[in-house]
Amino acid sequence: ASLAPDSVSADLLVGQTNTLFAWVVQWLADNLGYDVTNTIGLPYDWRLSPDMNEKRDGFLTLTRRRIEAAVKTNGGLPGIMVAHSMGNAVFRYFLEWLRQEMREEAYSTFVKQAERRKMTKQLQEQQQQKLQQQQQQQRHHQQHAAKLEQLQQQQIES
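Here we summarise the structure given alongside this text.

The rules behind the values
- Residues numbered from 1 in each chain as written.
- Predicted model: local features only at pLDDT ≥ 70, side-chain atom pairs only at ≥ 80, totals over all residues.
- Heavy atoms only, no water.
- Axes fitted to C-alpha atoms, helices over the stretch in contact; angles between N-to-C directions.
- Helix = DSSP H or I, 4+ residues; strand = E, 2+ residues; numbered from the N terminus.
- Parallel < 35°, antiparallel > 145°, perpendicular 65-115°, else oblique.
- Contact = heavy atoms within 4.5 Å.
- Expected span 1.5 Å × (residues − 1).
- Buried < 20%, exposed > 50% of the residue type's maximum accessible area, 1.4 Å probe, protein only.
- Salt bridge = Lys/Arg side-chain N within 4 Å of Asp/Glu carboxyl O.

1. Details of the packing of helix α4 (residues 59–73) against helix α5 (residues 86–157)
- Where α4 contacts α5, the axes come no closer than 10 Å and their chain directions differ by 80°. Relative to α5, α4 is oriented roughly perpendicular. Only Val90, Tyr93, Phe94, Trp97, Leu98, Glu101, Met102 and Glu105 of α5 make contact with α4, whose side of the interface consists of Phe59, Leu60, Thr61, Thr63, Arg64 and Ile67.

2. Digging into α5
- Between the first and last C-alpha of α5 there are 105 Å, a value that for 72 residues agrees with the 106 Å anticipated at 1.5 Å per step.
- All of the buried residues in α5 are Gly87, Val90, Phe94, Trp97 and Leu98.

3. Overview of the pattern of salt bridges
- Overall, the coordinates contain 6 salt bridges when judged by the stated rule.
- Among the salt bridges present, the one from Arg56 reaches Asp45, with a minimum N-O distance of 3.0 Å. Here Asp45 lies in the loop between α2 (22–32) and α3 (50–57) and Arg56 lies in helix α3, a separation of 11 residues in the sequence.
- Relative accessible area serves as the criterion here: at 34%, Arg56 is assigned to the partly exposed category.
- A salt bridge links Arg64 to Glu68; its shortest N-O distance comes to 2.8 Å. Taken as a pair, Arg64 and Glu68 lie in helix α4 at a separation of 4 residues, close to a single helical turn.
- For Glu68, a relative accessible area of 42% puts it in the partly exposed group.
- Via salt bridges that share partners, Asp45, Arg47, Arg56 and Asp57 belong to a single interconnected network.

On their own, these measurements won't tell you what the molecule is for.
In structure tokens form, the structure reads like this:
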């Protein structure tokens, strides 16, 4: 059988439980107190580049979500990443991808915050203008009322 990306099911290569690192998991549990139930594997299709794994399977996005979920489940405690052979290059690619994703998210958040500040400032300016108009109208009415009272006073005196 060919190992071309379209000839073998991705599930055969990435979807199955992998025991290759079982001894590492056991060592982490025995020597560092790691809970083996919090251990996750991040298998990938070694026949494809990381960006193609992302396009086809959402591998990088899924990796990020699984790591974030594992950290959250573990009370925010740090984790250990173990990679072997090409997995080192894939993980390095993941870290660069993640840096870019986080940069874009931070930029997007910054833009949204700036837009909100701009809208808030515009609303405050509109409210200030409306308040000034109301105050001006009030002064105008008070002045008009004062003139009317003065005219009435003059008519009474004459």
